[in-house]
Amino acid sequence: MLPIKTKNELDKLLKSKSNSKVLGLVPTMGALHKGHLELVKKAVQENDLVVVSIFVNPTQFDNPEDLKKYPRDLSKDLALIESIDSDILVFAPSVSEIYEHSVHSKTYDFQGLDNVMEGEFRDDHFNGVGTIVEQLFKLIKPDNAYFGEKDFQQLRIIKKLVEIQKIPVNIIPCPIIREAHGLAMSSRNERLSEKMRLKAGFIFKTLQSAKEKFGTKSALKVKEWVKNQFLKEGDFEVEYFEIADVETLSPLKRKVKNKKYRAFIAVYAEDVRLIDNIALN
Ligand code: PAF
């Protein structure tokens, strides 16, 4: 399987192949794991033609070290995709192909969805995500695009992006896939030691207990409890733990009947930043 490297080549191929076919897109940054492969399988089931994009997008990294260390293995990714379906098109452009002369993101008004959690701790992150995802949508024109709920805030913001930019695409959310001990699958997990990878199941266990407590306790009490659990455990540094409304992503102050809430966490483990989330009701 050979990747498509240029926008021109991709455009020509899509024009020749996608006539009246339902087209699915799975945008990724490569280093594919089981979580990505579930997105790809779902896309294959639901579309006539599938494009997987592989592009480590520099404008969504606020930390150059993190960008440098981001795992990359194109030949392994291609083999994994081919094992699902050899007709999948893989678009793996270079940075200059996407950004031409200026590696900068556009600025969007995501109506506050980007001011909290990941947006608060990662400068300009969602403008970077919006810039690449908008470009991919405009180039590929998919009917359906697949995103994992592990990046729940990203998913919410991409729905806002297509609303404000009026892009006709269905955004399909896909559930979080976990390792045997509960750690949410992520390309960053590869950077953890084997010991820490097992220990990091603690993050999901704590989220599950927080969900149970949320049934009877206030958001503030649950937040205190979670932070204490991590302090006692000692191996993780919590960047944030937040309980937020799933629509507005605004932090919960007082529970309102019939509203849906989710708990969100970001922690450092051995200098690797891990995020996770869980539906609370
Ligand atoms: O979730 C990701 O891997 C990235 O943020 C995305 C959506 C591919 C944009 O670079």
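Predicted model, so just to flag it, every value in this text is computed and none were measured.

A. Representation of the site of the ligand within the structure. Neighbouring the ligand are P27, T28, M29, N57, Q60, I132, F147, D151 and Q154. The contact in question runs from an oxygen atom of the ligand to an N or O atom on the side chain of Q60, over 2.6 Å. One nitrogen or oxygen atom from the side chain of Q154 is found 2.7 Å from an oxygen atom belonging to the ligand. Summarising the interface, the protein chains cover 89% of the accessible area of the ligand, which totals 290 Å² for the free molecule. Taken together, the residues of the shell around the ligand break down into four nonpolar, four polar and one charged.

B. Main features of the environment of R178. Checked against the element boundaries, R178 lands in the loop between β5 (170–174) and α9 (194–199). The contact partners of R178, leaving out residues within four places of it in the chain, are L183, A184, M185, F204, D276 and N277. A polar contact is formed between the side chain of R178 and the side chain of D276, at a distance of 2.9 Å.

C. Highlighting helix α7 (residues 125–140). With 16 residues, α7 should reach 22 Å at 1.5 Å per residue; the first-to-last C-alpha distance of 23 Å fits that figure. Taking burial as the measure, the 16 residues of α7 include 14 buried ones, the bulk of the element. Within two residues after α7, K141 carries a phi angle of roughly 50°, on the positive side.

D. A look at the UniProt feature "binding site: beta-alanine" (unreviewed entry) in the chain. As recorded in UniProt, the sites labelled "binding site: beta-alanine" (unreviewed entry) are Q60. Note that Q60 resides in the loop between β2 (49–54) and α3 (64–69). A residue is classified by how much of its surface remains accessible, and Q60, at 9% relative accessible area, is buried. Setting aside residues no more than four positions away along its own chain, Q60 makes contact with M29, R122, H125, G128, V129 and I132. Looking at Q60, its side chain comes within polar contact range of the side chain of N57, at 2.9 Å.

E. Broad picture of the packing of aromatic side chains. Applying the stated rule across the entire model yields ten aromatic pairs. Judged by centre distance (5.6 Å) and plane angle (75°), the ring pair of F61 and Y70 falls under edge-to-face. With respect to class, F61 is no different from Y70; both count as buried. Pairing F230 with F236 gives two aromatic rings, centres 5.9 Å apart and planes at 85°, and the pair type is edge-to-face. Judged by its relative accessible area of 2%, F230 is buried. One aromatic cluster in this structure is built from F202, F230 and F236. Sitting over the ring of F204, R178 keeps its end group 3.5 Å from the ring centre.

F. Here's a closer look at the pattern of salt bridges. Under the criterion given, the structure shown has 20 salt bridges. Note that E134 and K138 form a salt bridge whose closest N and O atoms lie 2.5 Å from each other. Of this pair, E134 and K138 both sit in helix α7, four residues apart, which is roughly one turn of that helix. With a relative accessible area of 4%, E134 lands in the buried category. On the accessibility criterion, K138 (45% relative accessible area) is partly exposed. Here E239 and R273 are joined by a salt bridge, their closest N and O atoms 2.6 Å apart.

Rules and cut-offs
Residues numbered from 1 in each chain as written. Predicted model: local features only at pLDDT ≥ 70, side-chain atom pairs only at ≥ 80, totals over all residues. Heavy atoms only, no water. Near = heavy atom within 4 Å. Polar contact = N/O pair within 3.5 Å; in protein donor to acceptor, adjacent residues only side chain to side chain. Areas by Shrake-Rupley, 256 points an atom, 1.4 Å probe, with all protein chains shown as cover. Nonpolar A, V, L, I, M, F, W, Y, C, P; charged D, E, K, R; others polar. Helix = DSSP H or I, 4+ residues; strand = E, 2+ residues; numbered from the N terminus. Contact = heavy atoms within 4.5 Å. Expected span 1.5 Å × (residues − 1). Buried < 20%, exposed > 50% of the residue type's maximum accessible area, 1.4 Å probe, protein only. UniProt positions renumbered as here; feature names shortened; annotations may be inferred. Phe/Tyr/Trp six-rings, centres within 6.5 Å; stacked < 30°, edge-to-face > 60°. Lys NZ or Arg CZ within 6 Å of the ring centre and 35° of its normal. Salt bridge = Lys/Arg side-chain N within 4 Å of Asp/Glu carboxyl O.

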